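Report on the structure
In case you want the letters, here they are:
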Amino acid sequence: MNLNLIPNIKHTNSNNFFLLAGPCAIEGEEMALKIAEHILKVTDKLKIPFIFKGSFKKANRSRIDSFTGIGDEKALKILKKVGETFNIPTVTDIHEVNDATKAAAYVDVLQIPAFLVRQTDLVVAAAKTGKVVNLKKGQFMSPAAMKHAVQKVKDSGNNKVWITDRGTMFGYQDMIVDFRGIPEMQQFAPTILDITHSLQQPNQSSGVTGGKPELIETIAKAGVAVGVDGLFLETHFNPSIAKSDGANMLNLKYLDDLLSKLVAIRKTINGFGLL
């Protein structure tokens with residue numbers, strides 16, 4: 001898909017991967033603006049097309065007392081303010097059919113969570129908004145099975161669709177990325193690698209998901225070497241106090257170094273004519 005179809009996206013001629021990045025959840029206006037400003041500074045320097053990510057609510061929680069959001073409209077307005085303040089596109093995930101038109105009024109890309117990617121009504125509702133639809137691959141699904149989710153979007157009259165691989169369940173409490181699936185899914189749609197959720201350790205007895213953030217660079221390097229179209233990552237200036245998914249987030253202070261290494265890999269591969 002032509003990235004230029006997304007409003008306000010920059011650096012589309014750089015031949016870089018594109019980036020969806022931001023906090024797991026919108027916790028407040030100040031934190032969202034602070035994180036977006038930092039990511040934008042880095043991506044502008046490296047000429048990486050950037051879409052700011054933030055969940056306006058977290059419907060999929062392990063425990064009933066887990067953080068779910070600051071209020072739908074409040075969070076969506078913050079996402080809109082981030083987009084308008086920095087002149088950048090934004091993405092958020094939706095969980096119910098009614099979320100599609102509500103969120104589409106504030107953001108440029110609608111994301112379908114991995115656990116919900118087979119929910120036909122939800123996928124169709126997102127497609128019918130006319131926004132770009134980013135389909136997270138279910139942890140329980142094969143890469144080949146994602147062609148059916150993509151087809152649901154296209155059959156709804158929307159060809160603006162992406163796939164994001166966020167790892168596959170490995171036993172009960174671990175995830176693994178099968179890099180053979182990247183080129184397979186690229187036959188169906190542009191494919192993104194989620195380099196933070198793919199390092200989750202779900203189903204912990206505490207009811208709080210764990211993670212292996214020390215392997216983010218390893219997973220990211222492999223993804224860029226394989227030739228992913230884009231990367232997805234969640235980041236926070238202090239993951240230890242993040243209200244959602246802090247265990248597998250990238251600390252914002254490491255972003256510049258990580259992306260600089262990944263851009264160098266991309267340039268090397270481009271130089272050999274492999275992409």
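Definitions and limits used
- Residues numbered from 1 in each chain as written.
- Predicted model: local features only at pLDDT ≥ 70, side-chain atom pairs only at ≥ 80, totals over all residues.
- Heavy atoms only, no water.
- Helix = DSSP H or I, 4+ residues; strand = E, 2+ residues; numbered from the N terminus.
- Buried < 20%, exposed > 50% of the residue type's maximum accessible area, 1.4 Å probe, protein only.
- Polar contact = N/O pair within 3.5 Å; in protein donor to acceptor, adjacent residues only side chain to side chain.
- Contact = heavy atoms within 4.5 Å.
- Pairing = 2+ DSSP bridges.
- Right-handed = clockwise from strand over helix to strand, strands pointing away.
- Salt bridge = Lys/Arg side-chain N within 4 Å of Asp/Glu carboxyl O.
- Core = buried A, V, L, I, M, F, W, Y, C linked by side-chain atoms within 4.5 Å.
- Axes fitted to C-alpha atoms, helices over the stretch in contact; angles between N-to-C directions.
- Left-handed = near helix turned anticlockwise from the far one by under 90°.
- Nonpolar A, V, L, I, M, F, W, Y, C, P; charged D, E, K, R; others polar.

Let us look at the side chain of threonine 196. Positionally, threonine 196 belongs in the loop between strand E9 (191-194) and strand E10 (200-201). Taking the relative accessible area as the measure of exposure, threonine 196 reaches 0% and is therefore buried. Within polar-contact distance, the side chain of threonine 196 engages the backbone nitrogen of glutamate 234 at 3.2 Å. Discounting chain neighbours no more than four positions away, the residues touching threonine 196 are Ile216, Phe232, Leu233, Glu234, Asn248 and Leu250.

Right, let's talk about the pairing of strand E2 (residues 50-53) for a bit. Judged by which residues are buried, E2 turns out to be covered on both faces: Phe50 and Phe52 on one side and Ile51 and Lys53 on the other are all buried. Sheet topology note: the strand E1 (residues 18-22)/E2 ladder contains 3 bridges and is parallel. By the bridge assignment for E2, alanine 21 is matched with phenylalanine 52. With respect to chirality, the unit in which E1 leads through helix H1 (residues 29-46) into the neighbouring parallel E2 is right-handed. Where E2 and strand E3 (residues 90-93) come together, 2 bridges link them in parallel fashion. Directly across from phenylalanine 52, in E3, lies its bridge partner threonine 90.

You can see asparagine 159 is positioned in the loop between helix H5 (146-155) and strand E6 (161-165). As a C-alpha pair, asparagine 159 and lysine 77 span 82 residues in sequence and 27 Å in three-dimensional space.

Along any regular strand, the residues point their side chains to alternate faces of the sheet. Here strand E4 (residues 109-112) shows two buried faces, one formed by Val109 and Gln111 and the other by Leu110 and Ile112. Pairing analysis gives 3 bridges linking E3 to E4, with the strands arranged parallel. Bridge pairing in E4 places valine 91 opposite valine 109. Here E4 runs beside strand E5 (residues 132-136); their pairing, made up of 4 bridges, is parallel. Note that in E5 the partner of valine 109 across the bridge is valine 132. In this view, the connection linking E4 to its parallel neighbour E5 by way of helix H4 (residues 120-128) has right-handed handedness.

A full pass over the atoms with the stated rule returns 14 salt bridges. Ionic pairing is found between lysine 57 and glutamate 96, a salt bridge with its closest N-O pair at 4.0 Å. With lysine 57 in the loop between E2 and helix H2 (72-86) and glutamate 96 in the loop between E3 and helix H3 (97-104), this pair connects stretches of sequence that are 39 residues apart. Its relative accessible area of 14% is what places lysine 57 among the buried residues. Close ionic contact of lysine 102 with aspartate 72 constitutes a salt bridge, the shortest N to O distance being 3.0 Å.

Attention shifts here to the nonpolar core. Ranked by internal contacts, the top residues of the largest apolar core, which has 68 residues, are Phe52 and Leu135. Leave out the neighbours within four places in its chain, and leucine 135 touches Ile112, Val117, Val123, Met146, Ala149, Val150, Val153, Val161, Trp162, Ile163 and Thr164. In this structure, Ile51, Val91, Val132 and Phe232 belong to the second largest nonpolar core, which totals 12 residues.

Considering the arrangement of structural elements, one finds valine 82 in helix H2. Spatially, the C-alpha atoms of valine 82 and glutamate 30 are 10.0 Å apart, while their sequence positions differ by 52 residues.

What follows deals with the packing of H1 against H2. For any two helices packed against each other, the geometry comes down to the angle between their axes and how far apart the axes lie. Where H1 meets H2, the axes come as close as 10 Å, and the angle between the chain directions of the two elements is 35°. The handedness of the crossing between H1 and H2 is right-handed. Across the interface between the two elements, Glu29, Ala32, Leu33, Ala36, Glu37 and Leu40 from H1 touch Ile78, Lys81, Val82, Thr85 and Phe86 from H2. In terms of residue class, the contact of H1 with H2 is made up of 7 nonpolar, 1 polar and 3 charged.

The next subject is unusual backbone geometry. Its identity as a non-glycine residue notwithstanding, asparagine 8 has a phi of 70°, on the positive side. Locating asparagine 8 in the fold gives a position in the segment before E1. Residue asparagine 8 is classed as partly exposed on the basis of its relative accessible area of 40%. In this structure, lysine 47 is a non-glycine residue whose phi angle is positive, near 60°. Mapped onto the elements, lysine 47 comes out in the loop between H1 and E2.

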